[in-house]
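This is what each chain is made of:
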Amino acid sequence: MAALGKIVWVIGIIAWYFIRVPFERRAKRVNVVSNRRSPVDMFGLASGLGGLAIVPALYVATGFPQAADHSASPWTVIAGTIVFFFALWVFRRTHKELGRNWSITLEIRDKHELISGGPYAFVRHPMYTSFMLMGVGQALLLPNWVAGLAGLFGFALLFFLRVDKEERMMLEIFGIQYRDYMQRTKRIVPYLY
């Protein structure tokens, strides 16, 4: 079961990469009019990448840290697979809705629009929702307390270091329109938070 969980995780990370690349290429063709990138922002991105990709990849490739292993069950692998691939679906839908507005950092692009359709109709930050779900899926798929939980830790650092800045930036750009949108939606979990 542990090997199957690792295989599913690897397939999921490869899918994540192939989902992101075309949107990243397209976004580079659109001028950035405001860039709020900071060292804290970059630390958050590095934390997310470390927890959701680097630490688990090290574990999958080497078994390190083996001392933190625990037993895998068919149910955790099945649940992890479902959650991880649902995360990828949300991730893709988020990119598709953002289109030319997408950016890996806190940037406003030329002719930036407020997106409120698709997954944005339910939460303001569905990409963070997808990262949170990936972290849950990873914890279920990888039977290792360090590698499994690294995704949730990395997501939490990324989210809490960036979300307030991101929302302030959107309020500056879209004003009352974004404030009204905030009243209709939660941050990352529909109807809860």
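Residues numbered from 1 in each chain as written. Predicted model: local features only at pLDDT ≥ 70, side-chain atom pairs only at ≥ 80, totals over all residues. Heavy atoms only, no water.

## A word on the overall build of the chain
The number of helices and strands found in the chain is six helices and two strands. Moving toward the C terminus, one meets the helices and strands of the chain in the order α-β-α-α-β-α-α-α. Computed over the C-alpha atoms, the radius of gyration of the chain is 17 Å, within 12% of the 16 Å expected from 2.2 N^0.38 for a compact globule of 193 residues. Dimensions along the principal axes, computed over C-alpha positions, put the chain at roughly 50 × 30 × 25 Å. Within the chain, the proportion of its 193 residues that are buried is 46%. Nonlocal contacts in the chain, meaning residues at least 24 apart in sequence, comprise 82% of its contacts between residues at least 6 apart. (Helix = DSSP H or I, 4+ residues; strand = E, 2+ residues; numbered from the N terminus. Rg over C-alpha atoms; globule rule 2.2 N^0.38 Å. Buried < 20%, exposed > 50% of the residue type's maximum accessible area, 1.4 Å probe, protein only. Contact = heavy atoms within 4.5 Å.)

## Observations concerning helix 1 (residues 2-27)
Its 26 residues place the ends of helix 1 38 Å apart at the C-alpha level, agreeing with the 38 Å of an ideal helix rising 1.5 Å per residue. Considered for burial, the residues of helix 1 that qualify are Gly5, Val8, Trp9, Gly12, Ile13, Trp16, Ile19, Arg20, Val21, Phe23 and Ala27. For helix 1, the secondary structure elements touched by its buried residues are helix 2 (39-62), helix 3 (74-98), strand 2 (107-109) and helix 4 (126-141). (Expected span 1.5 Å × (residues − 1).)

## Overview of the packing of helix 2 against helix 4
Taken N-terminus to C-terminus, the directions of helix 2 and helix 4 make an angle of 30°; their axes are 10 Å apart at the nearest point. Overall, the two elements helix 2 and helix 4 adopt an arrangement that is roughly parallel. Of helix 4, the residues touching helix 2 (which contributes Gly51, Leu52 and Pro56) are Phe131, Met134, Gly135 and Gln138. A breakdown of the residues in the contact of helix 2 with helix 4 according to their chemical character gives four nonpolar, three polar and no charged. (Axes fitted to C-alpha atoms, helices over the stretch in contact; angles between N-to-C directions. Parallel < 35°, antiparallel > 145°, perpendicular 65-115°, else oblique. Nonpolar A, V, L, I, M, F, W, Y, C, P; charged D, E, K, R; others polar.)

## Some details on the packing of aromatic side chains
Going through the model one piece at a time under the given rule, you end up with ten aromatic pairs. Where Tyr128 meets Phe159, the ring centres are 5.4 Å apart and the plane angle is 80°; that geometry is what we call edge-to-face. Of the two residues, Tyr128 sits in helix 4 while Phe159 sits in helix 5 (residues 145-174), which places them 31 residues apart along the sequence. An aromatic cluster of at least three residues, connected via ring pairs, comprises Tyr128, Phe155, Phe159, Phe160 and Tyr193. (Phe/Tyr/Trp six-rings, centres within 6.5 Å; stacked < 30°, edge-to-face > 60°.)

## Focus: unusual backbone geometry
Residues Phe64 and Pro65 are joined by a peptide bond in cis, for which omega reads 0°. You can see Pro65 is positioned in the loop between helix 2 and helix 3. Phi is positive for Lys111, close to 60°, though the residue is something other than glycine. Position of Lys111 relative to the elements: it lies in the loop between strand 2 and helix 4. We classify Lys111 as exposed; its relative accessible area is 64%.

## Focus on a nonpolar patch on the surface
Where nonpolar side chains cluster on the molecular surface, the patch consists of Met1, Leu4, Ile7, Ile11 and Phe85 and spans about 440 Å² of accessible area. Take the nonpolar patch: its biggest share by element is three residues, from helix 1. Among the structural elements, Ile7 can be located in helix 1. (Patch = residues over 30% accessible without salt bridge, like charges linked within 9 Å, V, L, I, M, F, W, Y side chains within 5 Å. Areas by Shrake-Rupley, 256 points an atom, 1.4 Å probe, with all protein chains shown as cover. Salt bridge = Lys/Arg side-chain N within 4 Å of Asp/Glu carboxyl O.)

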